[in-house]
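One letter stands for each residue in the lines below.
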Amino acid sequence: MLRTMLQAAARSDRLERMVGRNRLLRPAVDRFVAGATADDVIRAARRLADEGRYATIDQLGEACRDARAAEETARQYVALLGKVADAGLADHVEVSVKLSALGSELDWGVAEEQTRLICAAAEEAGTTVTVDMEDSSTTDDTLRVLRALREDYPRTGGVLQAMLHRTEGDCRAFAEPGSRIRLCKGAYHEPAAVARTNGADVNDAYLRCLGVLMEGGAYPMVATHDPRLVAGAAALARKHGLGRDDWEFQMLFGVRTDEQRRLANAGHRVRVYLPYGPDWYRYTCRRLAERPANLVLLGRAMLSR
Ligand code: FAD
């Protein structure tokens, strides 16, 4: 119930105007968001690299319905990639993009064109782009854009969500050598017609999907904090004879940081999803919805100020 309310809050423009502008959620923002500017996030990425962790940087901001705003977002990503290269971090840092922030709600062609500019800048910088997945109404179009981008930039990553009934089939379609696929449970509230609603079913599906990706020779990016899936992924990697360079774990900035360090120290590649920017409201609500217990921690932090 609380989870559904927080997911609804993440979609509410009105609440964003009310809450997003004041400092009420500041403790949660500080935990989940790596700063407001490109320089802040580069500093955070460097700290991770110094500790042997990798990063994928996400510039926060969703659902732009204006071509100029989409161009501005792409321009900021291109500038960020220049900073990644200048900082000598291209072997540790890539970027993640949301097609809705690049104009998909206006026109999928606009989003593809803007993402293509970011892919070109990433290639020049010596790194890669991963295209995030949004709600299930966008899956087909997002995968179509991903395929088109891969014709010119084959290392472009995509995301598949284990909770969706369709995903095992999508994994089969994308399970080929060199195919960078982030597998996650799925962060959006989806109807039972398209998605599993039972946690155990989602976990079973996750491991089946991961097996398909590993068997096909893809490069799976195992995006989860779930201890059962972390252990299951390591066991599957052993079963398929995968080494450190054949797959990676991904976790969110501010979530299970000790586990990130433990996995990196054990020799796994661990990439941290590192969001930054002033448009933190929706992202932070989604993180709170994933674990409503975070609200208790938030309440304590607010009271102690
Ligand atoms: P859960 O069962 O939710 O969590 C397992 C345990 O992890 C919890 O018990 C708790 O200890 C810890 N945990 C999980 N989340 C939190 C949190 N927010 N705060 C504190 N502790 C927490 N979803 C998409 O739909 N599209 C994407 O493109 C996408 N990209 C992602 C990229 C990365 C790198 C990651 C890690 C996740 C991404 N997600 C994306 C979100 C994902 O779909 C899940 O919603 C999210 O990861 C929570 O699922 P979980 O597998 O961690 O398992």
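Calculation criteria
- Residues numbered from 1 in each chain as written.
- Predicted model: local features only at pLDDT ≥ 70, side-chain atom pairs only at ≥ 80, totals over all residues.
- Domains from an automatic or database assignment.
- Contact = placed C-beta atoms within 7 Å.
- Helix = DSSP H or I, 4+ residues; strand = E, 2+ residues; numbered from the N terminus.
- Nonpolar A, V, L, I, M, F, W, Y, C, P; charged D, E, K, R; others polar.
- Buried ≥ 20, exposed ≤ 12 C-beta atoms within 10 Å, placed from the backbone.
- Pairing = 2+ DSSP bridges.
- Right-handed = clockwise from strand over helix to strand, strands pointing away.
- Core = buried A, V, L, I, M, F, W, Y, C linked by C-beta atoms within 7 Å.
- Near = placed C-beta within 6 Å.
- Axes fitted to C-alpha atoms, helices over the stretch in contact; angles between N-to-C directions.
- Parallel < 35°, antiparallel > 145°, perpendicular 65-115°, else oblique.
- Left-handed = near helix turned anticlockwise from the far one by under 90°.

**A look at the domain arrangement of the protein**
In many reports, interface size means the accessible area that the parts give up when they come together.
Link 1 in the chain: Domain boundaries assigned for the protein yield domain 1 (1–33 + 280–305) and domain 2 (37–278).
Link 2 in the chain: Counting from both sides, the interface comprises 11 residues of domain 1 and, opposite them, 11 residues of domain 2.
Link 3 in the chain: Looking at the side of domain 1 that touches domain 2, the element that brings in the most residues is helix H12 (residues 281–290), giving 5 residues.
Link 4 in the chain: By residue class, the composition of the side of domain 1 that touches domain 2 is 4 nonpolar, 2 polar and 5 charged.

**Some points on the pairing of strand S4 (residues 158–161)**
Link 1 in the chain: Side chains Gly158 and Leu160 project from S4 onto one buried face, and the interleaved Val159 and Gln161 project onto a second face that is buried too.
Link 2 in the chain: Sheet analysis places S4 next to strand S5 (residues 180–184), joined by 4 bridges and oriented parallel. Within the sheet, the bridge partner assigned to Val159 lies in S5 and is Arg182.
Link 3 in the chain: This β-α-β element, S4 to helix H8 (residues 167–174) to S5, shows right-handed connectivity.

**Notes on the environment of Arg287**
Link 1 in the chain: Here Arg287 lies in helix H12.
Link 2 in the chain: For Arg287, a count of 24 C-beta atoms within 10 Å translates into the label buried.
Link 3 in the chain: Taking the C-alpha atoms as reference points, Arg287 and Val255, 32 residues apart in sequence, are found 9.3 Å from one another.
Link 4 in the chain: Ignoring any residue separated from it by four or fewer positions in sequence, one finds Arg287 in contact with Phe32 and Leu252.

**Looking at the environment of Asp245**
Link 1 in the chain: Of note, Asp245 is situated in the loop between helix H10 (227–239) and strand S7 (248–252).
Link 2 in the chain: Put simply, Asp245 and Lys83 are 162 residues apart on the chain and 25 Å apart in space, counted from C-alpha to C-alpha.

**Details of the pairing of S7**
Link 1 in the chain: Burial analysis of S7 places 5 of its 5 residues in the buried class, which makes it a mostly covered element.
Link 2 in the chain: Residues Glu248, Gln250 and Leu252 of S7 are buried on one face, and the alternating residues Phe249 and Met251, pointing to the opposite face, are buried as well.
Link 3 in the chain: Across 3 bridges, strand S6 (residues 219–223) lies against S7 in parallel orientation. Within the sheet, the bridge partner assigned to Val222 lies in S7 and is Phe249.
Link 4 in the chain: Following the backbone out of S6, through H10 and into the adjacent parallel S7, one traces a crossover that is right-handed.
Link 5 in the chain: As paired elements, S7 and strand S8 (residues 270–276) share 4 bridges and run parallel to each other. By the bridge assignment for S8, Phe249 is matched with Val270.

**Side note on the nonpolar core**
Link 1 in the chain: Among the nonpolar cores identified, the biggest contains 81 residues, and Leu183, Cys209 and Leu274 are the most heavily contacted of them.
Link 2 in the chain: Of the residues that make up this core, three or more belong to each of domain 1 (1–33 + 280–305) and domain 2 (37–278).
Link 3 in the chain: Those residues within four positions of Cys209 in sequence are excluded, and the remaining contacts are Leu160, Ala162, Thr167, Glu168, Cys171 and Leu183.

**Concerning the site of the ligand**
Link 1 in the chain: Residues in close proximity to the ligand total 24 residues, the closest being Asp132, Cys184, Ala187, Thr224 and His225.
Link 2 in the chain: Residue assignment for the shell around the ligand shows that the elements contributing at least two residues are S4, S5, S7 and H12.
Link 3 in the chain: The leading source of residues in the shell around the ligand is S7, at 3 residues.
Link 4 in the chain: Looking at the shell around the ligand residue by residue, the class counts come to 10 nonpolar, 6 polar and 8 charged.
Link 5 in the chain: Looking at which domains feed residues into the shell around the ligand, each of domain 1 (1–33 + 280–305) and domain 2 (37–278) supplies at least three.

**Structural notes on the sheet that holds strand S3 (residues 129–131)**
Link 1 in the chain: One open sheet accounts for 8 strands, arranged S3-S2-S1-S8-S7-S6-S5-S4; its pairing is parallel. The outermost strands of the open sheet, each flanked by one partner alone, are S3 and S4. Strand after strand, the sheet turns through a mean of 30° between neighbouring axes, direction not considered.
Link 2 in the chain: The sheet contacts of helix H4 (residues 38–50) involve strand S1 (54–59), strand S2 (93–97) and S8, and relative to S8 the element is tilted by about 165°.

**As for the packing of helix H6 (residues 108–125) against helix H7 (residues 139–152)**
Link 1 in the chain: Between H6 and H7, the least distance of the axes is 10 Å, while the angle of their chain directions is 40°. With respect to their mutual orientation, H6 and H7 come out oblique. Between H6 and H7 the crossing geometry is right-handed. Touching Trp108, Ala111, Glu112, Thr115, Arg116 and Cys119 of H6 are Asp141, Val145, Ala148 and Leu149, all from H7.
Link 2 in the chain: Here the residues of the contact of H6 with H7 sort into 6 nonpolar, 1 polar and 3 charged.

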